[in-house]
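# Coordinate inspection notes
Chain residues, written in single-letter form:
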Amino acid sequence: MPSILRCMSCGQEYPIQTLLYTCEHCGNLLDVQHDLDTLRRTVTRSLFDQRLGTLDTPYKSGVWRYKELIYPDLPDHFIVSRSEGNTNLYPAPKLAAWAGVKTLYLKHEGENPTGSFKDRGMTTGVTQARVLGMRRVACASTGNTSASMAAYATFAEMDGIVFFQNSHIALGKLSQAIAYGATCIQINADFDRNLELVREISEKLGIYVLNSVNPFRLEGQKSIMFETIQQLRWNVPDWIVCPGGNLGNSSSFGKGLYELHQLGLIDRIPRIAIIQAEGANPLYLAYQHDFEEYKPVHAETIATAIKIGNPVNYAKAARTIRWTNGVVEQVTDQQIMDAKALIDGQGIGCEPASACSLAGARKLVEMGVIQPHETVVGILTGHILKDPDATIGYHNNSLENLSAAYPNRLYQVEPSVDEITRILETKAH
Ligand code: F0G
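Numbering of residues begins from 1 in every chain and follows the order in which that chain's sequence is written. Local features in a predicted model are, by the rule used here, given only for residues with pLDDT of at least 70; side-chain atom pairs are given and counted only at 80 or more, and totals for whole chains, interfaces and linings are based on all residues. With hydrogens and water set aside, each side-chain value is computed from the structure's full complement of heavy atoms.

### Notes on empty space enclosed by the protein
Basically, it comes down to this: The pocket and cavity definitions rest on a 1 Å grid over protein atoms only: a 1.4 Å probe that fits but cannot leave marks a cavity, an open set with protein on both sides within 12 Å along at least five of seven lines marks a pocket, and residues lining either have an atom within 4 Å of a point. Grid points are joined across faces, edges and corners, and a volume is the space filled by probe spheres set on the points. Where helices and strands are cited, they refer to DSSP runs of H or I of at least four residues and of E of at least two residues respectively, numbered from the N terminus.
Under the criterion given, the structure shown has 1 cavity of 30 Å³ or more. The space that makes up the largest cavity amounts to roughly 300 Å³. Residue lining of the largest cavity: 26 residues in total, with Phe 117, Lys 118, Asn 246, Ala 305 and Ile 306 positioned closest to the centre. Breaking the lining of the largest cavity down by element, the ones donating at least two residues are helix 6 (144–155), helix 9 (215–221) and helix 11 (248–262).

### Looking at the site of the ligand
As a reminder of what qualifies: Here, proximity means that at least one heavy atom of the residue falls within 4 Å of the molecule or strand. We define a polar contact as two N or O atoms separated by no more than 3.5 Å, with the added condition that, inside protein, one atom must be a possible hydrogen donor and the other a possible acceptor, whereas residues neighbouring each other in sequence contribute only through side-chain atom pairs. Each accessible area is a Shrake-Rupley estimate made with a 1.4 Å probe; only the visible protein chains count as cover when residues are assessed. Molecules are considered to sit inside a cavity or pocket once more than half of their atoms lie within 2 Å of its grid points. Each residue is assigned to one class: nonpolar for Ala, Val, Leu, Ile, Met, Phe, Trp, Tyr, Cys and Pro, charged for Asp, Glu, Lys and Arg, and polar for all the others, Gly among them.
The environment of the ligand is formed by 20 residues, the closest being Thr 145, Gly 245, Asn 246, Leu 247 and Thr 381. Asn 249 has a polar backbone atom sitting 2.8 Å from an oxygen atom of the ligand. A total of 480 Å² of accessible area belongs to the ligand in isolation, and the protein chains cover 99% of it. Of all the cavities here, the one that holds the ligand is the largest cavity. Residue composition of the shell around the ligand, grouped by class: 7 nonpolar, 11 polar and 2 charged.

### Details of the side chain of Arg 65
Filter applied, for reference: Exposure categories follow from relative accessible area, calculated using a 1.4 Å probe and restricted to protein chains: below 20% of the type maximum is buried, above 50% is exposed, and the middle band is partly exposed.
Its location among the elements puts Arg 65 in the loop between helix 2 (45–50) and helix 3 (67–70). With a relative accessible area of 4%, Arg 65 lands in the buried category. Among the polar contacts listed, one links the side chain of Arg 65 to the side chain of Tyr 66, at a separation of 2.9 Å. One polar contact links Arg 65 to Gln 230, side chain to side chain, over a distance of 3.4 Å.

### With respect to unusual backbone geometry
Here the bond from Thr 57 into Pro 58 is cis, since omega is 0 degrees, no more than 30 degrees from zero. A positive phi is found at Ser 83, a non-glycine position, where the angle reads about 55 degrees. In this structure, Ser 83 sits in the loop between helix 3 and strand 4 (89–91). Judged by relative accessible area, which is 28%, Ser 83 ranks as partly exposed. Backbone geometry at Asn 401 places phi at a positive 60 degrees, although glycine is not the residue there. Of the residues examined, Asn 401 reaches a relative accessible area of 76% and is grouped as exposed.

### With respect to the sheet that holds strand 1 (residues 4–7)
Sheets are built from strands that pair by backbone hydrogen bonding, the pairs being arranged parallel or antiparallel. Let me state the cut-off plainly: In this analysis, strands are considered paired if DSSP registers two or more bridges between them. To define axes, lines are fitted to C-alpha atoms, for helices over the stretch in contact only, and angles between the resulting N-to-C directions are given on a 0 to 180 degree scale.
Taken in spatial order, the 3 strands make up an open sheet running 2-1-3, and their pairing is antiparallel. The open sheet is flanked by strand 2 (13–15) and strand 3 (30–33), the only strands paired with a single partner. Within the sheet, the average angular offset between the axes of one strand and its neighbour, ignoring direction, is 30 degrees.

### With respect to the packing of aromatic side chains
What counts is decided by this rule: Ring geometry is summarised as follows: Phe, Tyr and Trp rings, the Trp one being its six-membered ring, pair when their centres sit within 6.5 Å, and such pairs are stacked at plane angles under 30 degrees, edge-to-face over 60 and tilted between the two. We call a charge positioned above a ring when the Lys NZ or Arg CZ atom is no farther than 6 Å from the ring centre and deviates by at most 35 degrees from the ring normal.
For the structure on display, the rule yields 8 aromatic pairs. Here Tyr 258 and Trp 323 contribute two aromatic rings whose centre-to-centre distance is 4.0 Å and whose plane-to-plane angle is 10 degrees, an arrangement assigned as stacked. Of this pair, Tyr 258 sits in helix 11 while Trp 323 sits in helix 13 (residues 314–323), placing them 65 residues apart in sequence. Site record: aromatic cluster; members linked through ring pairs are Tyr 287, Phe 291, Tyr 294 and Tyr 314. If you follow Arg 82 out to its NZ or CZ, it ends over the ring of Phe 155, 5.7 Å from the centre.

In short, the description is geometric, and any link to function would need to be established separately.
Below, the structure is given as structure tokens:
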């Protein structure tokens, strides 16, 4: 049976080439649904292991290596890929000790071509745009989606259009979208309103929406779980900890793990912990009431990537929590920035939102939710260079309402041998 689109709520089905983001009947989110019965007979771990290290397109991509689980029936010539994925899974023993667990790995999605995990969803999203014959693609963005979409759109010879919020876009991200040649429109509204606008205007003008409401985005992002578990030689960690904003990534993780389990490629499902910033925590608040009540919030956090008050994938993220026996936690901006400084200080580095993974892991250990003997994988979603202002502001202690626990002071001196010597002598271990 070919893959189809299926409503996650009422089960209504649509052919895979239908241009649709939500169900025409009930308005809920759609899944790309593959024929798992057929895949169970054909897909093995060794199929994916054999492709490791290949130079062949598309399998050298860390997304398309798992093509059978991403978009099985697709002819290869449609694929728009920059060999995304193949990111490092770093063992981080010092950070493990800080968090209070025996084993911690950090999966660095900032090592993707445009510096964030979004590339894994953009290769599939732009590929589907090509399948559908779309010429123009658009997104609202806190920054990374726009950088990724702008790059993949021009790579595929399509026009990219970005709706930016009015303030607080990290400079690295804004500069990427402009440099890659997208039409960038800064709108006097926050991310949540911009997402509504991009959906409305795109429908009116026949433009393809590449926010994570698009189910093809999530298909690519599932590969973060596939690659992580393959890198662990198919051993399943106890916990996956990741930041939550628009909740596309965590939704894709739940779907990917559920499918791996259904296909018999893993024998148990790791628990997912979604970490939100305290100032942008609608999923956390709903989780406190067993998802019986959901209210959007007005979002405010230094982690601008996840400054989102009304996440479009709320229902899929709640499903992820159910499927994986997961949890939702919140952390403060202070905790985020201190955790970031420690990740940066290991030479690994990440942007603020990514540090939710480490800050959240530590908090969950303190709360007794994660046990010290358990294996934890934290997802680092974006590159350290995305938001240099936050990094510099932290280390020179100029961030509002924040006091750096792990600052690395920048010395500024005259060209004096004595003065420099004095600094180095006081710094000597
Ligand atoms: N981390 C980073 C670095 C991000 O850019 C985002 C989302 C997230 C985490 C949260 O992921 O939305 O799937 O829950 N950035 C989007 C953007 C919203 O527009 O770039 P999510």
